[in-house]
Number of protein chains: 2
Amino acid sequence: MEYIPIAIVDDHTLMSKALENMIMEDAKYKVVMNNANGEDFIQALSNANELPQVVLMDINMPYKNGIETTQWLSERFPEIKVIALTMEDDEQVIIKMLKAGAKGYLLKDMQPYLFFQAIENVINKGSFYTDFVTQKLLKIKIEDMKSSSIISELKEREKEFIKWACSELTYKEIADKMCLSPKTVDGYRDAVFIKLEVKSRVGLVLFALKYGLE
Amino acid sequence: MEYIPIAIVDDHTLMSKALENMIMEDAKYKVVMNNANGEDFIQALSNANELPQVVLMDINMPYKNGIETTQWLSERFPEIKVIALTMEDDEQVIIKMLKAGAKGYLLKDMQPYLFFQAIENVINKGSFYTDFVTQKLLKIKIEDMKSSSIISELKEREKEFIKWACSELTYKEIADKMCLSPKTVDGYRDAVFIKLEVKSRVGLVLFALKYGLE
DNA sequence: TTAAAAAACAGGATTTTTCCCCTTTTAGAA
DNA sequence: TTCTAAAAGGGGAAAAATCCTGTTTTTTAA
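Residues numbered from 1 in each chain as written. Chains lettered and ligands numbered in written order. Predicted model: local features only at pLDDT ≥ 70, side-chain atom pairs only at ≥ 80, totals over all residues. Heavy atoms only, no water.

It is worth spelling out the packing of helix H1 (residues 13–24) of chain A against helix H5 (residues 112–125) of chain A at this point. All names here are of chain A. Remark: H1 packs on H5, axes separated minimally by 12 Å, with the N-to-C direction vectors making an angle of 75°. Taken as axis vectors, H1 and H5 run roughly perpendicular relative to one another. Across from Leu19, Met22 and Ile23 in H1, the residues of H5 making contact are Pro112, Phe115 and Phe116. Looking at the contact of H1 with H5 residue by residue, the class counts come to six nonpolar, no polar and no charged. (Axes fitted to C-alpha atoms, helices over the stretch in contact; angles between N-to-C directions. Helix = DSSP H or I, 4+ residues; strand = E, 2+ residues; numbered from the N terminus. Parallel < 35°, antiparallel > 145°, perpendicular 65-115°, else oblique. Contact = heavy atoms within 4.5 Å. Nonpolar A, V, L, I, M, F, W, Y, C, P; charged D, E, K, R; others polar.)

Right, dumping it as structure tokens:
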């Protein structure tokens, strides 16, 4: 193969066009596909006469986001390597993207030389992880482990109760909404208070909003 | 002048380099400066032998962000037009940026042809506002006007009470913290409930967190 | 089928919150 | 100085929340 075929999936049209131009400057690479979202990309892939070897995938996109698209791609075209290329530096998002099958995770503020290095590494070694990603993953381990373990031990019905608790409804009204006796709701509250280590409904709401449980 | 000198200020190095390449393809434009943050840009500007006519300014940057940098630039070099080029679509941020003196506001997902049109408009007509920005500003007028007027009628002591209410402290404990009688705190609560149009402390906390009062 | 676990429910007491309507004190303007 | 508005404080009661200690029902697994 005389060049490496690359696909770009990014709804930031201006950026993706500019990126395509930059890549095309090096004859070693060729942008064979450039789509604005996962939906378009998947559609275009079935009609493509040349499959990309590497896909540069944004995460926040309309119709089909980067995580879903990567998941789809990993199942059907495992030989195509996905590199996440995004501004998203949220730990949870990074994890989801890597779980979906991304072989690399690049932030858009990186140096261009590192960018080409990433493409080479993904092709030759199978993956490319920057120190940044490593740091982030480490951070999750030491910082968010507690809260995520707390959240994971919540039962479905308890999570539902938490959502209702993040409102101006009284417990009696919440019981109605959940089709339960007020006393059962009392029980949920007691259990959730203990699990989340809070002392009042306000503490519960504060926790829920901090960790997106609302 | 045989070309339009342009400056790029963006910490997303990969993107800004790619953007620079794209702009350079048209001999009508020339990227004379490319800096990763406001601090660097201001520094470089004082040593520059050619001033840019248009500055493409990102907002979220380390050291000196786009809003501060635009403010600085508007005061000292009012002839240099700033176009915000960012992913930030938060209403408040748009307002701040326009207040700081930006003549245009572009999102990075725009079409390239519109991008060049924006540069031309800013130079020839002085400004360029997309429908998007207009929509957003309109939205603020009709949606956020209420909440901001609500917030503005809160007294200092009431705002302080709200901060304390966003905790697991009881009102008695809050009274201690604020060096007031519990009954006075009762009064603050009643007043705040009416102003914020909430029915319970949970509603108060929800409002405070939504509008950053906590 | 049966024992164990989880979910639902309950009585009752205390504390906290919420909601009235009211008085005193303080600060600032006329 | 005096009037007035704002801030601070209060009594009392109803509603809601919290915290116990239980029981009954349903699910699950052996």
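Contact with chain B, which involves 32 residues of that partner, is made by 32 residues of chain A. For the pairing of chain B and chain A, the buried interface totals around 2,800 Å² over both sides, and the portion due to carbon and sulfur atoms is 72%. For chain B, the biggest contributors to the area lost against chain A are Leu14(B), Met15(B) and Glu168(B); these three give 27% of the whole. Inspection of the region where chain B meets chain A yields zero salt bridges. (Buried area = accessible area lost by both parts, 1.4 Å probe. Salt bridge = Lys/Arg side-chain N within 4 Å of Asp/Glu carboxyl O.)

Let's shift gears to the protein's contact with DNA strand D. Around DNA strand D lies a shell of 14 residues, among which Tyr171(A), Lys155(B), Lys183(B), Thr184(B) and Tyr188(B) are the nearest. Of all atoms in DNA strand D that approach within 4 Å of the protein, 66% are sugar or phosphate atoms. Between DNA strand D and Ser181(B), the relevant distance is 2.9 Å, taken from a phosphate oxygen to a main-chain nitrogen or oxygen of the residue. The contact in question runs from a phosphate oxygen of DNA strand D to an N or O atom on the side chain of Thr184(B), over 2.5 Å. (Near = heavy atom within 4 Å. Polar contact = N/O pair within 3.5 Å; in protein donor to acceptor, adjacent residues only side chain to side chain.)

Positive phi, close to 55°, is recorded for Cys179(A), a residue that is not glycine. Tracing the backbone through its elements, the reader meets Cys179(A) in the loop between helix H8 (171–177) and helix H9 (182–196). The backbone of Glu197(B) sits at a positive phi, close to 60°, despite the residue not being glycine. Summarising the element assignment, Glu197(B) is placed in the loop between helix H9 (182–196) and helix H10 (201–210).

Residues and elements named next belong to chain A. Of all six residues in strand S4 (residues 81–86), five are buried, a share of seventy percent or more. Across four bridges, strand S3 (residues 54–57) lies against S4 in parallel orientation. For Leu56, the partnering residue across the bridge sits in S4 and is Ile83. Handedness of the β-α-β unit built from S3, helix H3 (residues 66–76) and S4 comes out right-handed. Bridge count between S4 and strand S5 (residues 104–107): four bridges; the pairing is parallel. The residue of S5 that forms the bridge with Thr86 is Leu107. Each parallel crossover has a hand, and for S4 linked through helix H4 (residues 91–100) to S5 it is right-handed. (Buried < 20%, exposed > 50% of the residue type's maximum accessible area, 1.4 Å probe, protein only. Pairing = 2+ DSSP bridges. Right-handed = clockwise from strand over helix to strand, strands pointing away.)

In the vicinity of DNA strand C lie 15 residues, with Lys155(A), Lys183(A), Thr184(A), Tyr188(A) and Tyr171(B) positioned nearest. In the interface set of DNA strand C, defined as its atoms within 4 Å of the protein, sugar plus phosphate atoms amount to 63%. Contacts to DNA strand C include Lys183(A), whose side-chain N or O atom sits 2.7 Å from a base oxygen. One of the side-chain nitrogen or oxygen atoms of Tyr171(B) is found 2.6 Å away from a phosphate oxygen of DNA strand C. Contributing elements (two or more residues each) for the surface near DNA strand C: H9 of chain A together with H9 of chain B.

Attention shifts here to the sheet that holds strand S2 (residues 29–35) of chain A. Residues and elements named next belong to chain A. Read from one edge to the other, the open sheet built from five strands follows the order S2-S1-S3-S4-S5, with strand pairing classed as parallel. The two strands at the open ends of the sheet, each matched to only one other strand, are S2 and S5. Averaged over all adjacent pairs, the angle separating strand axes in this sheet is 25°, with direction ignored. Against the sheet, H1 makes contact with strand S1 (4–9), S2, S3 and S4, and its axis sits at roughly 165° relative to S2, the strand it touches most. The strands touched by H3 are S3 and S4; relative to S3, the strand with the most contacts, the crossing angle is about 160°.

What follows is about the relation of the copies chain B and chain A. Least-squares fitting of chain B to chain A yields an RMSD of 1.3 Å, with the superposition described by an axial translation of 0.3 Å and a rotation of 179°. In the structure described here, the two chain copies are related by an operation that fits a two-fold rotation axis. The C-alpha atom lying nearest the rotation axis in chain B is that of Ala18(B); the distance is 2.3 Å. An overlap of 100% is found between the interface residues of chain B and their copies at the interface of chain A, pointing to a shared contact surface. (Least-squares fit on C-alpha atoms with pLDDT ≥ 70 in both.)

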